[in-house]
Amino acid sequence: AAQAADLSVASPSRLRQASPLPSRDFTRVPPQLRADRDYIIQDATRRKQNIDLALTQQLQQVEQEYRAQLASICLQAEQHMQASESKIENEKHQRRMQVLEEERAQALPFLKHAEQEKNRIAELACQAILARVEAARAFGNQRAPLIEQQAQEALLSIRVPSPSAFTMEPRAVLGH
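Treat the numbers as computed from the prediction; the structure is a model and nothing was measured.

As a further point, take the packing of helix α3 (residues 31-138) against helix α4 (residues 144-157). For any two helices packed against each other, the geometry is given by the interaxial angle and the distance between the axes. Where α3 contacts α4, the two axes come as close as 9 Å, and the packing angle between them is 170 degrees. In terms of axis orientation, α3 runs roughly antiparallel to α4. Contact with α3, carried on its side by Cys126, Ile129, Arg132, Val133, Ala136 and Arg137, involves Ala144, Ile147, Glu148, Ala151, Ala154 and Leu155 of α4 and no other residues of that element. Class assignment of the residues belonging to the contact of α3 with α4 gives a composition of nine nonpolar, no polar and three charged.

Now the structure itself:
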């Protein structure tokens, strides 16, 4: 207990003398230890440079892998985009065709009726033209050849084949 009390009252200089720790005064380091110290520092520096180089190479490799993956992802995205656009265009085309078919189906009765009406009017026109030609022939009109030529042109304009002799029945001219 006396020693413990003695240590508690000991001065800092007395503790330094009793301390087994080496001093940190590097000015008194022997040359061999200084050479070892320099070698250790150089070795640590070399190891740090090697580690830095390895880390730089790893970072470059990771960056290359990232760029490759990014390029692959972009290519896949472009391919998916093109496939989607193609699919959309195909669906648009199919829908247009479907709408056209529906329009044709709805318009068919009207077109048939219009065709029938056109044929009826053409037949009436043909009858009227033939009647005029026959009347011109019957009266011995000098303009009969001109009237026949005009009749042929009129028949062509209504897309009815003109008869070779204007004595045919209108139904035969129309192809009925």
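And the narrative resumes.
For the rest of this paragraph, the subject is α3. Helix length check: α3, at 108 residues, gives a terminal C-alpha distance of 150 Å against a target of 160 Å (1.5 Å per residue), a fit within 8%. Along its length, α3 shows its largest kink, about 40 degrees, at Ala107, and proline Pro109 lies within four residues downstream of that point. The set of residues buried in α3 consists of Asp43, Ala122, Glu123, Cys126, Ile129, Leu130, Val133 and Ala136. Directly after α3, the chain includes Gly140, whose backbone phi takes a positive value near 65 degrees.

Another point: the nonpolar core. With nine residues, the main nonpolar core is built from Cys126, Ile129, Leu130, Val133, Ala136, Ala144, Ile147, Ala151 and Leu155. Where this core is concerned, the elements lending two or more residues are α3 and α4. Counting residues per element, this core draws most heavily on α3, which supplies five residues.

Rules and cut-offs
- Residues numbered from 1 in each chain as written.
- Predicted model: local features only at pLDDT ≥ 70, side-chain atom pairs only at ≥ 80, totals over all residues.
- Heavy atoms only, no water.
- Axes fitted to C-alpha atoms, helices over the stretch in contact; angles between N-to-C directions.
- Helix = DSSP H or I, 4+ residues; strand = E, 2+ residues; numbered from the N terminus.
- Parallel < 35°, antiparallel > 145°, perpendicular 65-115°, else oblique.
- Contact = heavy atoms within 4.5 Å.
- Nonpolar A, V, L, I, M, F, W, Y, C, P; charged D, E, K, R; others polar.
- Expected span 1.5 Å × (residues − 1).
- Bend = angle between axes of the 7 residues up to and from the residue.
- Buried < 20%, exposed > 50% of the residue type's maximum accessible area, 1.4 Å probe, protein only.
- Core = buried A, V, L, I, M, F, W, Y, C linked by side-chain atoms within 4.5 Å.

What is shown is where atoms sit, not what they do.
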